[in-house]
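Residue strings, one per chain:
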Amino acid sequence: MSSMRTRFYRTTAQALADDDRVAAVFAAIGIGEMPAHPRLHDVGIREQLMIGVTAGLALEGYRVVAHSYTPFLVERPYEQIKLDLGHNDVGAILVSTGASYDASTSGRTHQSPADVALLSALTGWTIDVPGHPDELERALAQALAGDGRVYIRLSEETNVAAANGEHLNVLRRGSDDAPFVVAVGPSLSPTLAATADLDVTVAYLSRVRPFDAAGLAAALTGTDVVLVEPYLAGTSSAEIARSLADRPHRLLALGVENVELRRYGTREEHRRAHGLDAEGIRTSIERFTRSASSVAA
Amino acid sequence: MEQYGYTDLPALMTRLTGDEKHDWSSASTLDVLWVLYDRVLGADDRFLLSKGHGPAAYYAVLAAKGFVPVEALDDFGSFESILGYHPDRKLVPGVEISSGSLGHGLPLAVGVALAGRRTFVLVGDGELDEGSNWEAVQYAGRIGLENLTTVVVDNHTATYGWPGGIEARFALEGWHAERVDGRDHDALERALSEPGGPRCVVAEISR
């Protein structure tokens, strides 16, 4: 199985070859993985320019893919994303690599757990968090065929198998009152491992914006929701609150903690530190369930 | 449609009401804008106003050239108006980019030029303080982006100035750069119509 990154470069190169409408703008990162093409523009490590050029090409009708490491794609040129793309109301496909802590040995400078929250604060973005290279390929193909603003978040972490998460997809049903666990993108495999012998419902979601509020409202039979996101904890809490505004509910939002961890080491160690490995997820869910019991008592 | 000329622009600008704060900035761009729209721009060209501050001259020229109804000038800045203190391309016919936050137009213009359009972008000397401009200047120069022209309206407002001249900095990055009198229509027309690029035309405006 090739990685999401490998699949992304291959698919984008093919799109450039097949479709005159497609262009790509890179800022050095990843350019070595791509065959040269007249509509593949490498602006060097100039990320504000990368987004500006992307928007300029989009104004002229091109379907543009822009790509870099997550903090340099989303955080550094945030105002360009807001204005050049959003305020000008043009579409583009932003594809990040690095996720929250893929660069575990690189420290905070190369980690961007707030990316989805930041883009969620802007208007009109579709946000895909694939959990498997096959899902990435499907999301990218859809984005290339469309004309909207799409963010696709690549990750080195992948699930054991691909699943369809464009809408909330219930993979396992617990009892009616059991906690309803929503696992996002690559959080699915550790969530399934964490809950294998627990009475919970597990649903999968890879398209987090627009959030499938109707799907959640329809699928939820109890009151307790557990959200497991591979980025900043609570990023989708407001979406869930909105979708369940008409009924009593409780929410446990798991994700990357909003802390300066100041640790290096492996991805696995970072996942564990944020309580996102199977053991950490299970512990949190059990504590959440017990707290409900004590309230009821 | 009524025909308007350069001498009508002051009257059109006086129709723009409200407490617009950028009178000097607006007036500094008037001649460059007029020459572009009256003598230089073709139907397939693109003009991007990066310096969105003080858009009165821009709106007046757009009205004179029939893009914007002249009546729209009268409620400038009101809730129902299409004309705000910074132009919005979704509201104003003929406006290619929404601007106001400085340092965005030149990178956008690089993208438009890469798409094959003959592209003109207007920036201010003060606006060049924003580092994002220089990412675009460096890249366009290095790749020899021939169909891009940057007009810098230099009314000497940059916080720390540009010792040695703005044109020298563009030239260092591989641009064809020259300074002309920003009120001299013939000089502006000649400089803006020169082939080969990327080109930088610094329009000198004496304060």
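Residues numbered from 1 in each chain as written. Chains lettered and ligands numbered in written order. Predicted model: local features only at pLDDT ≥ 70, side-chain atom pairs only at ≥ 80, totals over all residues.

## Some points on the overall build of chain B
Inference 1: Within chain B, the regular secondary structure consists of 8 helices and 5 strands.
Inference 2: Ordered by position from N to C terminus, the α and β elements of chain B give α-α-α-β-α-α-β-α-β-α-β-α-β.
Inference 3: Rg of the C-alpha trace for chain B: 16 Å, near the compact-globule value of 17 Å for 207 residues, within the 12% margin.
Inference 4: For chain B, the spread of C-alpha atoms along the three principal axes comes to 45 × 35 × 30 Å.
Inference 5: For chain B, with 207 residues in total, the buried portion stands at 49%.
Inference 6: If you take every contact in chain B between residues at least 6 apart in sequence, the share linking residues at least 24 apart comes to 74%. (Helix = DSSP H or I, 4+ residues; strand = E, 2+ residues; numbered from the N terminus. Rg over C-alpha atoms; globule rule 2.2 N^0.38 Å. Buried ≥ 20, exposed ≤ 12 C-beta atoms within 10 Å, placed from the backbone. Contact = placed C-beta atoms within 7 Å.)

## A closer look at unusual backbone geometry
Inference 1: Here Arg209(A) and Pro210(A) are connected by a cis peptide whose omega angle stands at -5°.
Inference 2: By secondary structure assignment, the location of Pro210(A) is in the loop between β10 (207–209) and α8 (213–219).
Inference 3: For the peptide bond that leads from Gly197(B) to Pro198(B), omega is 5°, which places it in the cis range.
Inference 4: Along the chain, Pro198(B) falls in the loop between α8 (185–193) and β5 (199–204).
Inference 5: Phi is positive for Ala99(A), which is not a glycine, with a value near 50°.
Inference 6: Here Ala99(A) shows up in the loop between β4 (92–97) and α5 (115–120).
Inference 7: On the neighbour-count criterion, Ala99(A) (27 C-beta atoms within 10 Å) is buried.
Inference 8: In this structure, Arg262(A) takes a positive phi of about 50° despite not being glycine.
Inference 9: Tracing the chain through its elements places Arg262(A) in the loop between β12 (250–256) and α10 (267–273).
Inference 10: Residue classification places Arg262(A) among the exposed residues on the basis of 7 C-beta atoms within 10 Å.

## Structural notes on the domain arrangement of chain A
Frequently, the measure chosen for interface size is the accessible area that the parts lose on association.
Residue and element names in this part refer to chain A.
Inference 1: When its domains are assigned, chain A resolves into domain 1 (4–153) and domain 2 (169–296).
Inference 2: Just the C-alpha atoms count here: the centres of domain 1 and domain 2 sit 27 Å apart.
Inference 3: Facing 22 residues of domain 1, the contacting portion of domain 2 comprises 21 residues.
Inference 4: When contributions to the side of domain 1 that touches domain 2 are tallied by element, the ones reaching two or more residues are α5 and β5 (125–128).
Inference 5: Within the side of domain 1 that touches domain 2, the residues separate by chemical class into 10 nonpolar, 7 polar and 5 charged. (Domains from an automatic or database assignment. Nonpolar A, V, L, I, M, F, W, Y, C, P; charged D, E, K, R; others polar.)

## Re the sheet that holds strand β1 (residues 22–26) of chain A
Residues and elements named next belong to chain A.
Inference 1: Here we have 7 strands laid out as an open sheet, ordered β2-β1-β3-β4-β6-β5-β10, and mixed in their pairing. The open sheet has two edge strands, β2 (40–42) and β10, and neither has a second partner. The sheet shows a mean angle of 20° between the axes of neighbouring strands, taken without regard to direction.
Inference 2: The pairing of β5 with strand β6 (residues 149–153) spans 4 bridges and is classified as parallel. Its bridge partner being in β6, Thr126 is matched across the sheet by Val150. (Pairing = 2+ DSSP bridges. Axes fitted to C-alpha atoms, helices over the stretch in contact; angles between N-to-C directions.)

## Focus on the environment of Thr158(A)
All names here are of chain A.
Inference 1: Mapped onto the secondary structure, Thr158 falls in the loop between β6 and β7 (169–172).
Inference 2: We classify Thr158 as buried; it has 22 C-beta atoms within 10 Å.
Inference 3: C-alpha separation for the pair Thr158 and Ser189, spaced 31 residues apart in sequence, amounts to 8.0 Å.
Inference 4: Beyond its immediate sequence surroundings of up to four residues, Thr158 is in contact with Met4, Gly131, His132, Pro133 and Pro186.

## A look at the sheet that holds β12(A)
Residue and element names in this part refer to chain A.
Inference 1: Strand order across the open sheet formed by 5 strands is β7-β9-β8-β11-β12, with mixed pairing between neighbours. Bordering the open sheet on either side are β7 and β12, each of which pairs with just one other strand. In this sheet, adjacent strand axes meet at a mean angle of 25° when their direction is disregarded.

## Considerations on the interface of chain B and chain A
Inference 1: Between chain B and chain A, the residue contacts involve 19 residues of the former and 22 residues of the latter.
Inference 2: Counting only elements with at least two residues in the side of chain B that touches chain A, the list comes to α5 (105–114) and α6 (132–143) of chain B.
Inference 3: When residues of the side of chain B that touches chain A are assigned to their parent elements, the largest contribution, 7 residues, is made by α5(B).
Inference 4: Across the side of chain B that touches chain A, the residue classes tally to 10 nonpolar, 5 polar and 4 charged.

## Overview of helix α6 (residues 133–145) of chain A
Residue and element names in this part refer to chain A.
Inference 1: Compared with an ideal rise of 1.5 Å per residue, which puts 13 residues at 18 Å, α6 spans 18 Å between its outermost C-alpha atoms and is within 8% of the ideal.
Inference 2: Residues Pro133, Glu135, Leu136, Ala139, Leu140, Ala143 and Leu144 constitute the buried set of α6. Angular distribution of buried residues about the axis of α6 spans 165°; they occupy a single face of the element. Exposed residues lying more than 90 degrees from the buried face of α6 are Ala141 and Ala145. (Expected span 1.5 Å × (residues − 1). Arc of directions from axis to C-beta.)

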